[in-house]
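Residue strings, one per chain:
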Amino acid sequence: MKDELIAAIVTEINLRVEYLGDKTIETIYFGGGTPSAILPDDIDKIINAIRQHYIISPNIEITLEANPDDINPEVLLAWKNSGVNRLSIGIQAFQEELLKAWNRSHTSIQARQAIQLAQEAGFENITADLIYGGYGLSDEEWIENINTLIASRIPHISSYALTVEKGTALTHQIEVGKVHAPADEQGNRQYSMLQSILHKNGYGQYE
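All values reported here derive from a predicted model rather than from experimental measurement. Every chain is numbered independently, its residues counted from 1 as its sequence is written. In keeping with the predicted nature of the model, local features appear solely for residues at pLDDT of at least 70, side-chain atom pairs appear and are counted solely at 80 or more, and the whole-chain, interface and lining totals rest on all residues. Side-chain measures here rest on the full set of heavy atoms in the structure, leaving out hydrogens and waters.

K.L.:
An account of the overall build of the protein chain is needed here, citing residue identities and associated values.
P.N.:
For helices the rule is a DSSP run of H or I covering at least 4 residues; for strands it is a run of E covering at least 2, with both sets numbered from the N terminus onward. Within the protein chain one finds eight helices and five strands. Reading the protein chain from its N end, one meets helices and strands in the order α-β-α-β-α-β-α-α-β-α-β-α-α. The principal-axis extent of the C-alpha atoms belonging to the protein chain is close to 50 × 40 × 30 Å. When each of the 207 residues of the protein chain is scored for burial, the buried share is 42%. Three labels apply to residues, based on accessible area from a 1.4 Å probe with only protein chains included: buried if under 20% of the type maximum, exposed if over 50%, partly exposed otherwise in between.

K.L.:
Which residues make up the environment of Ile-150, and what values do they have?
P.N.:
Within the secondary structure, Ile-150 sits in helix H6 (residues 139–151). The spacing of Ile-150 and Tyr-29 is 121 residues in sequence and 24 Å in space, taken between C-alpha atoms. Here, two residues are considered to be in contact whenever any of their heavy atoms come within 4.5 Å of each other. Other than its neighbours up to four places away in sequence, Ile-150 contacts Ile-157, Ile-197, Leu-198, Asn-201 and Tyr-203.

K.L.:
Explain the pattern of salt bridges to me, using residue names and the numbers behind them.
P.N.:
Salt bridges are defined as contacts in which a side-chain nitrogen from Lys or Arg sits within 4 Å of a carboxyl oxygen from Asp or Glu. Tallied over the full model, the rule gives seven salt bridges. A salt bridge links Lys-45 to Asp-42; the shortest N-O distance between them is 3.8 Å. Of the two residues, Lys-45 and Asp-42 are both situated in helix H2 (residues 40–53); the distance of three residues between them amounts to about one turn of the helix. Accessibility expressed as a relative area gives 2% for Asp-42, which makes it buried.

K.L.:
Could you give an account of the side chain of Asn-145, naming the residues involved and the relevant values?
P.N.:
Structurally, the position occupied by Asn-145 is in helix H6. For Asn-145, the contacting residues outside a window of four places in its chain are Ala-93, Phe-94, Gln-95, Leu-130 and Leu-137.

K.L.:
With reference to specific residues and values, describe the sheet that holds strand S2 (residues 55–66).
P.N.:
When DSSP locates at least two bridges between a pair of strands, those strands are taken to pair. A sheet is described by the order of its strands in space; here five strands give the open sequence S1-S2-S3-S4-S5, paired in parallel fashion. Among the strands making up the open sheet, the edge pair consists of strand S1 (24–30) and strand S5 (156–161). Direction aside, the axes of adjacent strands within the sheet are offset by 20 degrees on average. To obtain each axis, a line is fitted to C-alpha atoms, and for helices this fit is confined to the stretch in contact; angles are then taken between N-to-C directions over 0 to 180 degrees.

K.L.:
Go over the packing of aromatic side chains, please, and point to the residues and values.
P.N.:
In summary, the pairing rule links any two rings of Phe, Tyr or Trp, Trp by its six-membered ring, whose centres are within 6.5 Å, and it sorts them by plane angle into stacked for under 30 degrees, edge-to-face for over 60 and tilted for everything else. One pass over the full model with this rule turns up two aromatic pairs. Ring geometry for Tyr-132 and Trp-142: centres 5.9 Å apart, planes at 50 degrees, overall tilted. Placement of Tyr-132 in strand S4 (residues 125–132) and of Trp-142 in helix H6 is noted, with a sequence separation of ten residues between them. Note on Trp-142: relative accessible area 0%, which makes it buried. Put simply, the rings of Tyr-132, Trp-142 and Tyr-191 touch in pairs and so form one group of aromatic residues. Geometrically, a charge over a ring is one whose NZ (Lys) or CZ (Arg) sits within 6 Å of the ring centre while staying within 35 degrees of the ring normal. Positioned above the aromatic ring of Tyr-19 is the side chain of Arg-16, whose terminal nitrogen or guanidinium carbon lies 4.5 Å from the ring centre. The side chain of Lys-80 reaches across the aromatic face of Phe-123, ending 5.6 Å from its centre.

K.L.:
Before we move on, can you summarise the packing of helix H1 (residues 2–15) against H2 with the specific residues and values?
P.N.:
H2 packs onto H1 with a crossing angle of 10 degrees between their chain directions and a minimal axis gap of 9 Å. In terms of orientation, H1 lies roughly parallel with respect to H2. Contact residues: H1 offers Lys-2, Ile-6, Ile-9, Val-10, Ile-13 and Asn-14, while H2 offers Asp-42, Lys-45, Ile-46, Ala-49, Ile-50 and His-53. Residue composition of the contact of H1 with H2, grouped by class: seven nonpolar, two polar and three charged. By definition in this entry, angles of less than 35 degrees are roughly parallel, angles greater than 145 are roughly antiparallel, angles of 65 to 115 are roughly perpendicular, and the rest are oblique. Three classes are used, and their members are as follows: Ala, Val, Leu, Ile, Met, Phe, Trp, Tyr, Cys and Pro are nonpolar, Asp, Glu, Lys and Arg are charged, and the others, Gly among them, are polar.

By themselves, these observations are geometric and do not establish any function.
Spelled out as C-alpha cells, the structure:
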C-alpha cells in the first residue's frame, strides 16, 4: 500500500506539470500524518520528481515533519542529501509520564536527543512542537518545556492546545472518566505564559 501511495504522488506530480506554469517553487512541505515514518528513499523519489518537472528556487526551503523516535543519524543524513533543509519535530513534552498519558510513541530521552542529533547532522532551521493545556501538565512542567527548547537555540517554536477529537483514545478516556477534559482556563493561562517567556527571550510571534 505504501509503495502504491508514493507511486501515485509521483504520478500526480508528473500529470500536473503545467499547473504552475513558469512559477518558481519556493517551498516544499512534507506534513502530517507522519512523513518521517516512510523510508528516506521515498522522500527522495518525491523531491526528485518535483525537481525534474518544475522550476525550483536555488534557495528552496524543504520541510519535513518528524517524530523524535524516527530520528537517527542515518535518516538525518539521507534527508539532508535529498535536499530537506528544515525539520519540524513533534516534541510535545519532555516528561515521560505525560508522553505516555498522551499516547505519544517517543520517550523523554528521544525528545531530548532529537534536536541535538538534528543539529549535529547540520540542520540549523528547526521547529519543535509543544502541547499546552493538556491534562496532567502543570505550569511548572510547562515552563520547563519552554525553557528546554529555548536552551536548545532552535529558531522556531510551535505550540498547540491539546484538543479532543471524536473517535480518539483521548475522547474514550474522558468518556469513561479515566482522565479529565482539558480546561479552557488552563489552556489560556499556559498560552499567555508561552507568549511572555518567548517574548522575553527574543522570539517574535508571527502566527
